[in-house]
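The primary structure of each chain is shown beneath.
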Amino acid sequence: MAKRDAGQTVAVETPRLDTADLSKKHAALIVVQGAEIGRDYRLRSRQVSIGRSNGNDVRLLDEQASRLHARIERDWHPEHGVRYLISDAGSTNGTFVNTQPAKKTPLNDGDKIQIGNTVLKFVILDRVDAMFHAEVRDLINYDALTGLLTKESLYLALESEIQRCREYALPLAVLMMDLDRFKLVNDTHGHPMGSHVLSEIGRLIRDSIRDVDVSARYGGEEFVSYLAETDLAGARRVGERVRAAIEAHEFVLDGTTTGITISIGIAVMPQHGCHLKTLVQAADRALYAAKDGGRNRVCSA
């Protein structure tokens, strides 16, 4: 049997994409910033309501969204065909498309809609696109112990947010956090207390940041958050709020009480980098500086 050259391309019968998969188009909104990041809403009705209350077609878990915030209508235009137009529904904080107020604004593929602290991306999907977004959504997982995102899921969300902030020249902050002397908690009080502490830390971090900000358990006793549209001064305030909340908290389990502190390193885009890897590395270096400086403190890159 003749050997195949290692550099030779193997000829196989590859199934072609079905043209029907590409011709069927569906309009959708994808949450690219805010609670339920990654979720997609198909725009199947002629009119779609968006808001905070349960009765809306697109319900946003956002305190800055009004109960009924905006509407999207589908109509037919002789020149452009099917169109989707978004209008503000008399909301308190307004509806914006690519930073401009929405006034029966036609939506184009890729437009960003901001409602409160939530950003939705308007997309036209064929079946292949829809399958891709479904797979991305399914990849967004949460850590069972802390209720925060997993490291891998945070990277997916952060990469998208970095691209958005670069596009609109917006700041973005990354906080790297590490519990101080966590091993001592396990050694002194046992692993059940250690797990309880980690669970409570997840809650304390969530309670100390905005709904629009995203946090993850980075691994072990390390955590990471990114803060949308936040400069260095704002990030330091958030970091201090997280640090103070954890320092003041008493962790109680089965009659035993313990305490712990946290060290935090901050990096901000664009000052410390404009890519995921450089931002995380800069925040990590700042975290090491906080540890070296005596722990229980916030340092910036």
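Residues numbered from 1 in each chain as written. Predicted model: local features only at pLDDT ≥ 70, side-chain atom pairs only at ≥ 80, totals over all residues. Heavy atoms only, no water.

Caption draft 1: Focus on the pairing of strand β5 (residues 70-77). Pairing geometry for strand β3 (residues 47-51) and β5, over four bridges, is antiparallel. For Gln 47, the partnering residue across the bridge sits in β5 and is Glu 73. With eight bridges joining them, β5 and strand β6 (residues 81-88) adopt antiparallel strand pairing. Note that in β6 the partner of Glu 73 across the bridge is Leu 85. Between β5 and β6, which pair antiparallel one after the other, the connecting turn spans three residues. (Pairing = 2+ DSSP bridges. Helix = DSSP H or I, 4+ residues; strand = E, 2+ residues; numbered from the N terminus.)

Caption draft 2: Spotlight on the environment of His 69. With respect to the helices and strands, the residue His 69 is situated in the loop between β4 (58-59) and β5. Put simply, His 69 and Asn 56 are 13 residues apart on the chain and 9.4 Å apart in space, counted from C-alpha to C-alpha. Residues contacting His 69, with those up to four places away along its chain left out, are Ile 50, Gly 51, Gln 64, Asp 88, Ala 89, Ser 91, Gly 94, Thr 95 and Ile 115. Looking at His 69, its side chain comes within polar contact range of the main-chain nitrogen of Ser 66, at 3.0 Å. (Contact = heavy atoms within 4.5 Å. Polar contact = N/O pair within 3.5 Å; in protein donor to acceptor, adjacent residues only side chain to side chain.)

Caption draft 3: Focus on helix α6 (residues 232-248). Given a rise of 1.5 Å per residue, 17 residues ought to cover 24 Å, and the 24 Å separating the end C-alpha atoms of α6 matches this to within 8%. Three or more residues of α6 are buried, namely Gly 234, Ala 235, Val 238, Gly 239, Val 242, Arg 243 and Ile 246. At its buried positions, α6 is contacted by β13 (172-179), α5 (191-208), β15 (222-228), β16 (251-253), β18 (262-269) and β19 (298-300). Measuring from the backbone nitrogen of Ala 233 back to the side-chain oxygen at the start of α6 gives 3.4 Å, which picks out Asp 231 as the cap. (Expected span 1.5 Å × (residues − 1). Buried < 20%, exposed > 50% of the residue type's maximum accessible area, 1.4 Å probe, protein only.)

Caption draft 4: Highlighting the sheet that holds strand β12 (residues 149-150). The strand order across the open sheet formed by six strands is β12-β14-β15-β13-β18-β19, and the pairing between neighbours is mixed. Each edge of the sheet is formed by a strand with only one pairing partner; in this case those strands are β12 and β19. With three bridges joining them, β18 and β19 adopt parallel strand pairing. When the sheet's bridge partners are listed, Ile 264 is paired in β19 with Val 298.

Caption draft 5: Summary view of the pattern of salt bridges. Using the criterion set out here, one finds 14 salt bridges in the structure. Of the charged contacts, one joins Arg 164 and Glu 229 as a salt bridge, the two residues approaching to 2.9 Å between their closest N and O atoms. Of this pair, Arg 164 sits in helix α3 (residues 151-167) while Glu 229 sits in the loop between β15 and α6, and the two are 65 residues apart along the sequence. On the basis of relative accessibility, which here comes to 6%, the residue Arg 164 falls in the buried class. (Salt bridge = Lys/Arg side-chain N within 4 Å of Asp/Glu carboxyl O.)

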